[in-house]
Amino acid sequence: MNTRLHAVTDQNGRPLSFFMTAGQISDYTGAAALLDSLPAAQWMLGDRGYDADWFRDALEEKGIKPCIPGRRSRGKPVKYDKRKYKRRNCIEIMFGRLKDWRRVATRYDRSPTVFFSAICLAATIMFWL
């Protein structure tokens, strides 16, 4: 049983929305699902898995500048702000804090729906209370 969690956070690393996909599914699916829930922002930080021309174009249509490094297999390198990209550690810290909950870290729940609800509960208690 394998899942991948996609998250949108604010500038302080607090989660705003989540989307879960199967582990073998590409990050593009999560990007497409969360595109409509993106808040108004100047920058969007993402890892190499979200590097797609259609995703970059969709972000620019919303007035958001993408700060996503290009995939290694990309023919022509993509320019991105390396100084801003270093702030992506806030997102990794958010995922680490979620995994402080033993139920989330060890994946006790077999059902993806129940596991997703445990993630949402953990995020609500840890970041918003």
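Scroll up to find the structure.
Structure report, in brief. Keep in mind it's a predicted model, so treat the numbers as computed, not measured. (Residues numbered from 1 in each chain as written. Predicted model: local features only at pLDDT ≥ 70, side-chain atom pairs only at ≥ 80, totals over all residues. Heavy atoms only, no water.)

1. Considering the state of the cysteines
Scanning the model with the defined rule gives zero disulfides in all. Looking at cysteine 67, it has no disulfide partner, and the nearest cysteine sulfur is the one in cysteine 90, 13 Å off. (Disulfide = S-S within 2.5 Å.)

2. Regarding the packing of helix H4 (residues 89-98) against helix H6 (residues 112-128)
The N-to-C vectors of H4 and H6 enclose an angle of 110°; their axes lie 10 Å apart at closest approach. As summarised for this structure, H4 and H6 are arranged roughly perpendicular, according to the angle between their axes. On H6, the residues that touch Met94, Arg97 and Leu98 of H4 are Ile119, Ala122, Ala123, Met126 and Phe127. (Axes fitted to C-alpha atoms, helices over the stretch in contact; angles between N-to-C directions. Helix = DSSP H or I, 4+ residues; strand = E, 2+ residues; numbered from the N terminus. Parallel < 35°, antiparallel > 145°, perpendicular 65-115°, else oblique. Contact = heavy atoms within 4.5 Å.)

3. A word on H6
Relative to the 24 Å expected for 17 residues at 1.5 Å per residue, H6 spans 23 Å between its end C-alpha atoms, a close match to the ideal helical length. Contact partners of the buried residues in H6: strand E1 (3-9), strand E2 (15-22), H4 and helix H5 (102-106). (Expected span 1.5 Å × (residues − 1).)

4. What to know about the pairing of E2
Across seven bridges, E1 lies against E2 in antiparallel orientation. Opposite threonine 3, over in E2, you have alanine 22 as the bridge partner. (Pairing = 2+ DSSP bridges.)

5. Overview of the packing of aromatic side chains
This structure, assessed with the given rule, holds four aromatic pairs. With a centroid separation of 5.7 Å and an interplanar angle of 70°, the aromatic rings of tryptophan 54 and phenylalanine 55 are classed as edge-to-face. Classification of tryptophan 54 by relative accessible area gives partly exposed; the value is 39%. Centroid distance tyrosine 80 to tyrosine 85: 5.6 Å. Interplanar angle 75°. Geometry classified as edge-to-face. Here a set of aromatic residues connected by ring pairs shows up, and it is made of Tyr28, Tyr50, Trp54 and Phe55. We note arginine 107 situated over the ring of phenylalanine 115; from NZ or CZ to the ring centre the distance is 4.2 Å. (Phe/Tyr/Trp six-rings, centres within 6.5 Å; stacked < 30°, edge-to-face > 60°. Buried < 20%, exposed > 50% of the residue type's maximum accessible area, 1.4 Å probe, protein only. Lys NZ or Arg CZ within 6 Å of the ring centre and 35° of its normal.)

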